[in-house]
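Residues per chain, in single letters:
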Amino acid sequence: MDRELLNKMFEFHGHKCWASALGLRAGLLALEKLGVKRANVKELFVILETGYNHAAGCFGDGVQFATGCTAGKGNLIKKPRGKLAFTLIDPKQGKQIRMCFNPKIREKIANSSFMKKRSAGVPPTEISPEEVMEVVNLVLDSPVEEVLLIGNVEDSHFDPPHEVMGMAICDICGEMVARPYLRLIGSGQACEVGELKKVCIDCSGYEEGFEK
Ligand SMILES: [Zn+2]
Ligand SMILES: [Zn+2]
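Rules used throughout
Residues numbered from 1 in each chain as written. Chains lettered and ligands numbered in written order. Predicted model: local features only at pLDDT ≥ 70, side-chain atom pairs only at ≥ 80, totals over all residues. Heavy atoms only, no water. Helix = DSSP H or I, 4+ residues; strand = E, 2+ residues; numbered from the N terminus. Buried < 20%, exposed > 50% of the residue type's maximum accessible area, 1.4 Å probe, protein only. Donors = N, O, S within 2.8 Å, 3.2 Å for Na, K, Ca; no water. Tetrahedral: all angles 85-135°; square planar, octahedral: opposite > 155°, others 65-115°. Contact = heavy atoms within 4.5 Å. Salt bridge = Lys/Arg side-chain N within 4 Å of Asp/Glu carboxyl O. Polar contact = N/O pair within 3.5 Å; in protein donor to acceptor, adjacent residues only side chain to side chain. Phe/Tyr/Trp six-rings, centres within 6.5 Å; stacked < 30°, edge-to-face > 60°. Lys NZ or Arg CZ within 6 Å of the ring centre and 35° of its normal.

Peer 1: Teacher, can you tell me more about the environment of S113 here?
Peer 2: As for its placement among the helices and strands, S113 is situated in helix α5 (residues 113–119). With a relative accessible area of 27%, S113 lands in the partly exposed category. Here the alpha-carbon distance between S113 and S156, two residues 43 residues apart in the chain, equals 41 Å.

Now the structure itself:
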């Protein structure tokens, strides 16, 4: 593992941890298996199976950093299953590969002094850098088959979502909103558009109900 790349990833992630390091390793391997380079725009997509508010969700940041499939660009799609797993998709080749944490390494991770302290409720920031790096190195230096379940390169039928370009100004708050997120309020008929207001979800009083 390229230490400079690892440190850049830790900088992006915010702290040093084994789960993000494993995500980086898995993401780089997935790129290699598909024979592709990190996405600059939306050449690739990741379907990430980590969920919300659970242990080791940091894995997802390593995957994002490695693959260039990021929450902001929209080529990171969350399918929350509470698993340290993801599928990397190359729509151009019509190929994909899934990677998942291999539970084989779980006991060794659990027996590290870092994880023993974490389990006892010690915040990661209060654990020594040596103890943190011991478990980081464990997931980076162990044979790859011991830390990851590596899927086969398979055909992909993933249809990349289309990007909606237009933005408009909310008639109430004046803030700019992407068109799919505009709502119409007012009592007018369709032929009396002048009585309708184009507004953002927060000004509309509607439930959100639009996640993608
Ligand atoms: Zn972390
Ligand atoms: Zn508004």
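Structure's up, so let's keep going.
Peer 1: Which parts of the structure should I look at to understand the coordination of the zinc ion (ligand 1)?
Peer 2: By definition of the ideal shapes, four donors in a tetrahedron about a metal sit 109.5 degrees apart, and six donors in an octahedron sit 90 or 180 degrees apart. At the metal site, the zinc ion (ligand 1) is ligated by H13 (NE2), H15 (NE2), C17 (SG) and C58 (SG), and these contacts range over 2.0 to 2.3 Å. Around the zinc ion (ligand 1) sit 4 donor atoms; with metal-centred angles ranging over 96 to 118°, the donor geometry is tetrahedral. Mapped onto the sequence, the residues coordinating the zinc ion (ligand 1) show the spacing H-x1-H-x1-C-x40-C. Within this pair, whereas C17 is found in the loop between α1 (3–13) and α2 (18–34), its partner C58 is found in the loop between β1 (45–48) and α3 (59–67), the two being separated by 41 residues in sequence. What makes C17 buried here is its relative accessible area of 6%. A relative accessible area of 23% places C58 in the partly exposed class.

Peer 1: Looking at this structure, I do not really get the coordination of the zinc ion (ligand 2). What am I missing?
Peer 2: Protein coordination of the zinc ion (ligand 2) is provided by C170 (SG), C173 (SG), C200 (SG) and C203 (SG), with donor distances spanning 2.3 to 2.4 Å. Mapping the donors of the zinc ion (ligand 2) onto the primary sequence yields the spacing C-x2-C-x26-C-x2-C. Taken together, the residues span a long stretch of sequence, with C170 in the loop between β7 (167–169) and β8 (176–178) and C200 in the loop between β10 (197–199) and α8 (201–204) at a distance of 30 residues. Assigned by exposure class, C170 and C200 land together as buried.

Peer 1: Got a minute to help me understand the environment of A85 in this structure?
Peer 2: Considering the arrangement of structural elements, one finds A85 in strand β3 (residues 85–90). Sequence spacing of A85 and F65 is 20 residues, and the spatial spacing of their C-alpha atoms is 15 Å. In this structure, A85 is in contact with I47, L48, E49, T50, F59, R98, M99 and C100, ignoring residues within four places of it in sequence.

Peer 1: Sorry if this is basic, but what is going on with the pattern of salt bridges here?
Peer 2: A pair can form between side chains of opposite charge whenever their charged atoms are brought close. Applying the stated criterion across every chain, the model contains 5 salt bridges. In this structure, the salt-bridge partner of R98 is E49, at a minimum N-O distance of 2.9 Å. You can see R98 sitting in strand β4 (residues 95–101) and its partner E49 sitting in the loop between β1 and α3, a full 49 residues away along the chain. Note on R98: relative accessible area 32%, which makes it partly exposed.

Peer 1: What is the right way to look at the side chain of E131 in this model?
Peer 2: Within the secondary structure, E131 is located in helix α6 (residues 129–141). A polar contact of 3.1 Å, which involves the side chain of E131, links it to the side chain of S113. Discounting residues that sit within four places of it in the chain, E131 has contacts with S113, F114 and K117.

Peer 1: Even after reading the chapter, I still don't get the side chain of T67, so can you show me in this structure?
Peer 2: Assignment of secondary structure puts T67 in helix α3. Among the polar contacts made by the side chain of T67, one reaches the main-chain amide nitrogen of C69 at a distance of 3.1 Å. Apart from the residues within four sequence positions on either side, T67 is in contact with G27, L31, R38, A39, L44, V46 and L88.

Peer 1: For this particular structure, what's the right way to read the packing of aromatic side chains?
Peer 2: Two measures describe an aromatic ring pair: the distance that separates the ring centres and the angle between the ring planes. As enumerated under the stated definition, the model contains 4 aromatic pairs in all. On the basis of an interplanar angle of 50° and a centroid distance of 5.0 Å, the ring pair of F45 and F158 is categorised as tilted. Here F45, found in strand β1, pairs with F158, found in the loop between β6 (154–155) and β7; they are 113 residues apart in sequence, far enough to count as distant. The interplanar angle of 45° and the centroid separation of 6.1 Å between the aromatic rings of F59 and F86 together place this pair among those described as tilted. Taken together, the residues span a long stretch of sequence, with F59 in helix α3 and F86 in strand β3 at a distance of 27 residues. You can call F86 buried: its relative accessible area is 0%. The ring of F65 is capped by R38, whose NZ or CZ atom sits 5.5 Å from the centre of that ring.

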